[in-house]
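Inside the fold
So you can see what is in the structure, the chains are spelled out below.
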Amino acid sequence: MSFIDDDEALIATALNGSSYAWEKLVKRYEGRIYNYGLRLTGNATDAMDLMQEVFLGVYRNLHRFRGDAKFSSWIFRIAHNKAIDMNRRRALIQGRTFSIEDDENGEYLVPEQTTDNEPDTQLSKGQQNEEIQCMLQKLPMEQRLIVELKIYQSQTFEEISKMQEISENTAKTRFYAALKKLKVVMEESHVLS
Amino acid sequence: MSCPRTQHLLTEYFSDDLSKVTQTEIEKHLLTCDDCTAELESIQNTQSRLRQWQDDRVPHWDRGKTLFRQEHPGNEQQRRNWFWQWLPSAASFAMLCMLIFNTSISRSESGFTVSFGTADDAFDKNHLELRLAQFGELQQLEQNQMLQDFLARMDERQDGNNLRLMQAVFDQTKQTTAESFDQMYSYFEQRRQLDLENVQVSYQQLVDSDFETLMSMQQLANYVRYPGDAR
Ligand SMILES: [Zn+2]
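Residues numbered from 1 in each chain as written. Chains lettered and ligands numbered in written order. Predicted model: local features only at pLDDT ≥ 70, side-chain atom pairs only at ≥ 80, totals over all residues. Heavy atoms only, no water.

Let's talk about the overall build of chain B
Heads up, the rule is: Counting from the N terminus, the helices are DSSP H or I runs at least four residues long and the strands are E runs at least two residues long. Here a residue-residue contact requires only that any non-hydrogen atoms of the pair lie within 4.5 Å. Reported accessibility uses the Shrake-Rupley method at a 1.4 Å probe radius. Residues are deemed covered only where the shown protein chains occlude them.
Helix and strand content of chain B: seven helices and zero strands. For chain B, the α and β elements follow one another from N to C terminus as α-α-α-α-α-α-α. Residue pairs in contact within chain B that sit at least 24 positions apart in sequence constitute 79% of those at least 6 positions apart. Summing over all exposed atoms, chain B offers an accessible surface of approximately 15,300 Å²; the carbon and sulfur share of this is 55%.

If you want it as structure tokens, here you go:
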């Protein structure tokens with residue numbers, strides 16, 4: 001069984017109808033996609049929806065995967081498109097994007113503050129993530145995407161500019177603008193707490 | 001923050017392909033400019049804050065397996081069909097066992113009755129013969145009916161199974177030529193006929209053996225009658 005271990009082999013086996021190979025492939029990427037969703041959407045329900053849409057897209061297009069790009073970049077390109085689609089749909093249907101609060105009023109609530117009980121200990125993993133999620137939701141979608149790609153997926157500005165169909169300079173400027181904005185958000189939250 | 005170069009400088013500072021020359025230039029400026037140094041520090045803080053993300057576990061979900069199995073009935077279905085293919089044979093075996101079991105019960109019953117007849121002279125011979133005849137007729141009728149029913153049912157099921165199996169195989173490969181499809185069909189058809197013949201033979205044997213039983217019981221009845229007459 002060790003020979004069906006790289007993505008290409010798993011894809012081929014899955015395309016032959018093996019649900020075992022399909023599940024293995026999904027298991028390999030679901031964590032990354034789900035966490036990507038958490039950071040982009042800011043909540044678990046939307047992240048779950050996004051992840052399921054992504055894998056449905058992967059499933060529907062698996063036969064088109066040619067192997068000239070890495071599967072991981074391919075799947076993240078699908079994820080990227082789905083995230084933008086989803087954000088647009090949300091905006092149209094419910095009048096809300098992933099960012100729940102309007103960021104203009106500068107209101108930033110750190111979830112589940114633990115300052116009373118354990119002031120000096122580090123925040124738990126869940127709280128840390130929630131804080132980061134909240135911070136990211138303060139960014140407009142396009143900036144959030146750049147932060148995601150740059151920080152969490154360690155892409156180069158060249159790769160980002162191709163994916164986003166913007167110039168490399170725009171990508172850099174956007175990234176810097178996003179960090180500046182996040183800096184302000186962080187300072188506000190520290191003032192509040 | 002009032003240094004006019006901050007924005008441009010830091011944007012460059014974070015590029016992937018920062019040249020040695022540019023880097024030295026930026027660092028030289030940082031040494032002299034507090035604004036830019038403070039800005040760089042806080043931006044770096046923000047970045048490290050973001051990097052504190054630790055992946056959350058994915059909640060349980062079905063991983064698209066339901067959909068996958070629906071649309072790729074291939075492997076799983078084949079295994080199930082393998083089972084279905086043998087089900088009729090298993091069923092016929094079970095049916096045979098049941099019939100043999102039934103038969104042995106009735107045989108022991110009549111044996112019981114006959115032995116009573118020999119023990120008690122007052123036992124009605126005609127009644128015994130009548131009962132034996134009735135029993136024989138009934139059994140034959142019942143068995144014929146059952147045989148017919150069973151064969152019909154098996155025919156139906158086998159057809160359904162063959163169809164399903166072929167559908168699954170066909171769906172999976174989608175390249176099956178008409179020729180190999182015909183071969184496959186004739187193979188299954190052959191199998192089905194073989195199964196049916198086997199069952200028919202077994203039933204015929206069963207029916208025959210029941211007739212033998214009936215005959216031996218009649219002989220026994222005659223035997224019971226003669227000692228009765230002699231007395
Ligand atoms: Zn400066």
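Description of the overall build of chain A
Put simply, the rule is: Exposure classes here rest on a 1.4 Å probe applied to the protein chains alone. A residue is buried below 20% of its type maximum, exposed above 50%, and partly exposed in between.
Counting secondary structure elements, chain A contains eight helices and zero strands. Each helix and strand of chain A, placed in order from N terminus to C terminus, yields the pattern α-α-α-α-α-α-α-α. Split into buried and exposed, the 193 residues of chain A put 51% on the buried side. Counted over contacts in chain A with a minimum sequence separation of 6, partners at least 24 positions apart contribute 57%. Counting only carbon and sulfur atoms, one obtains 48% of the accessible surface of chain A, whose full area is about 9,600 Å².

Some words on the interface of chain B and chain A
Convention followed: For any pair of parts, buried area is found by adding up, for both, the accessible area (1.4 Å probe) each one loses once the two are put together. When a carboxyl oxygen of Asp or Glu lies within 4 Å of a side-chain nitrogen of Lys or Arg, that pair is called a salt bridge. Polar contact is the term for a pair of N or O atoms within 3.5 Å; when the atoms are in protein, one must be able to donate a hydrogen and the other to accept it, and sequence-neighboring residues count only if both atoms are side-chain atoms. Any residue that is not Ala, Val, Leu, Ile, Met, Phe, Trp, Tyr, Cys, Pro, Asp, Glu, Lys or Arg is counted as polar, Gly included; the first ten are nonpolar and the last four charged.
With 39 residues of chain B in contact, the opposing surface of chain A contributes 50 residues. Interface area for chain B against chain A, summed over the two sides, is near 4,100 Å², with a carbon-plus-sulfur share of 59%. Taken together, the connections running from chain B to chain A amount to six salt bridges. Across the pair Arg49(B) and Glu131(A) runs a salt bridge, and its minimum N-O distance is 2.7 Å. One can count 14 residue pairs in polar contact (both at pLDDT 80 or more) joining chain B with chain A. Examining the composition of the side of chain B that touches chain A, we find that eight residues originate from one element, helix 3 (residues 34-50) of chain B, more than from any other. Looking at the side of chain B that touches chain A, its residues break down into ten nonpolar, 15 polar and 14 charged.

Some words on the confidence of the model for chain B
Low pLDDT means the predicted atomic positions in that stretch should not be read closely. All names here are of chain B. Under the convention used in this document: The pLDDT score gives, residue by residue, the confidence of the prediction method on a 0 to 100 scale.
On average, residues of chain B score 74 in pLDDT, and 63% of them are at 70 or above. Note on residues 102-106: pLDDT under 50 across the span, and three contacts to partners over four residues away in sequence or across chains. Our summary of model confidence lists the complex with pTM equal to 0.57 and ipTM equal to 0.81.

Thoughts on the packing of helix 6 (residues 141-152) of chain A against helix 7 (residues 157-164) of chain A
All names here are of chain A. This is how it is decided: For helices, the axis comes from a line fit to the C-alpha atoms of the stretch in contact; other axes are also lines fit to C-alpha atoms, and the angle between any two N-to-C directions lies between 0 and 180 degrees. Reported orientations rely on four angle classes, namely roughly parallel under 35 degrees, roughly antiparallel over 145, roughly perpendicular from 65 to 115, and oblique for the rest. Helix crossings get a hand from a simple test, with the near helix turned counterclockwise from the far one by less than a right angle marking a left-handed crossing and a clockwise turn marking a right-handed one.
It is at 10 Å that the axes of helix 6 and helix 7 come closest, and there the two elements cross at 140°. With respect to helix 7, the axis of helix 6 lies oblique. For the element pair helix 6 and helix 7, the recorded crossing hand is right-handed. Here Glu142, Leu145, Ile146, Leu149 and Lys150 of helix 6 lie close against helix 7, whose contacting residues are Phe157, Ile160, Met163 and Gln164. Its residues assigned to classes, the contact of helix 6 with helix 7 comprises six nonpolar, one polar and two charged.

Points about the coordination of the zinc ion
Residues and elements named next belong to chain B. As a reminder, the rule being used: For Na, K and Ca the donor cutoff is 3.2 Å, while for all other metals N, O and S atoms count as donors only within 2.8 Å; water does not appear among the atoms, so some sites may look incomplete. Geometry assignment treats four donors as tetrahedral when all angles are between 85 and 135 degrees, treats four as square planar and six as octahedral when opposite donors are over 155 degrees apart and all others between 65 and 115, and treats everything else as irregular.
For the zinc ion, the full set of protein donor atoms is Cys3 (SG), His29 (NE2), Cys33 (SG) and Cys36 (SG), and the range of their distances to it is 2.1 to 2.4 Å. Geometry at the zinc ion is tetrahedral, judged from its four donor atoms and the angles of 106 to 115° they form at the metal. Expressed as a motif, the donor residue spacing for the zinc ion is C-x25-H-x3-C-x2-C. Pair noted here: cysteine 3 is in the segment before helix 1 (6-13) and cysteine 36 is in helix 3, with a separation of 33 residues, a long-range link. Each member of the pair, cysteine 3 as well as cysteine 36, is classed as buried.

Topic: the packing of aromatic side chains
Test applied: Aromatic pairs are defined between Phe, Tyr and Trp rings, using the six-membered ring for Trp, whenever the two ring centres lie within 6.5 Å; interplanar angles under 30 degrees are classed as stacked, those over 60 as edge-to-face, and all others as tilted. In this scheme, the term charge over a ring applies when either NZ of a lysine or CZ of an arginine sits within 6 Å of the ring centre and within 35 degrees of the ring normal.
Throughout the structure, instances matching the rule amount to 13 aromatic pairs over all chains. Measuring from ring centre to ring centre gives 5.6 Å for Phe55(A) and Trp61(B), while their planes differ by 40°; the resulting arrangement is tilted. A residue pair is termed interchain when its members come from two chains, as with Phe55(A) in helix 3 (residues 44-61) and Trp61(B) in the loop between helix 3 and helix 4 (65-71). The same class applies to Phe55(A) as to Trp61(B), namely buried. Relative to Phe175(A), the ring of Phe157(A) has its centre 5.7 Å away and its plane inclined at 65°; by these criteria the two rings are edge-to-face. Here Phe157(A), found in helix 7, pairs with Phe175(A), found in helix 8 (residues 168-192); they are 18 residues apart in sequence, far enough to count as distant. Accessibility expressed as a relative area gives 1% for Phe157(A), which makes it buried. Judged by its relative accessible area of 1%, Phe175(A) is buried. Grouped by ring-pair contacts, the aromatic residues Tyr29(A), Phe65(A), Phe71(A) and Trp74(A) constitute a single cluster. Directly above the aromatic system of Tyr152(A) lies the positively charged group of Arg39(A), at a separation of 4.1 Å from the ring centroid. Between the NZ or CZ atom of Arg39(A) and the centre of the ring of Trp53(B), over which it lies, the distance is 5.2 Å.

A short note on the environment of Ile132(A)
As for its position among the elements, Ile132(A) is in helix 5 (residues 125-137). Its relative accessible area of 0% is what places Ile132(A) among the buried residues. When near neighbours in sequence (up to four residues on either side) are disregarded, Ile132(A) contacts Tyr152(A), Arg49(B), Leu50(B), Gln52(B) and Trp53(B).

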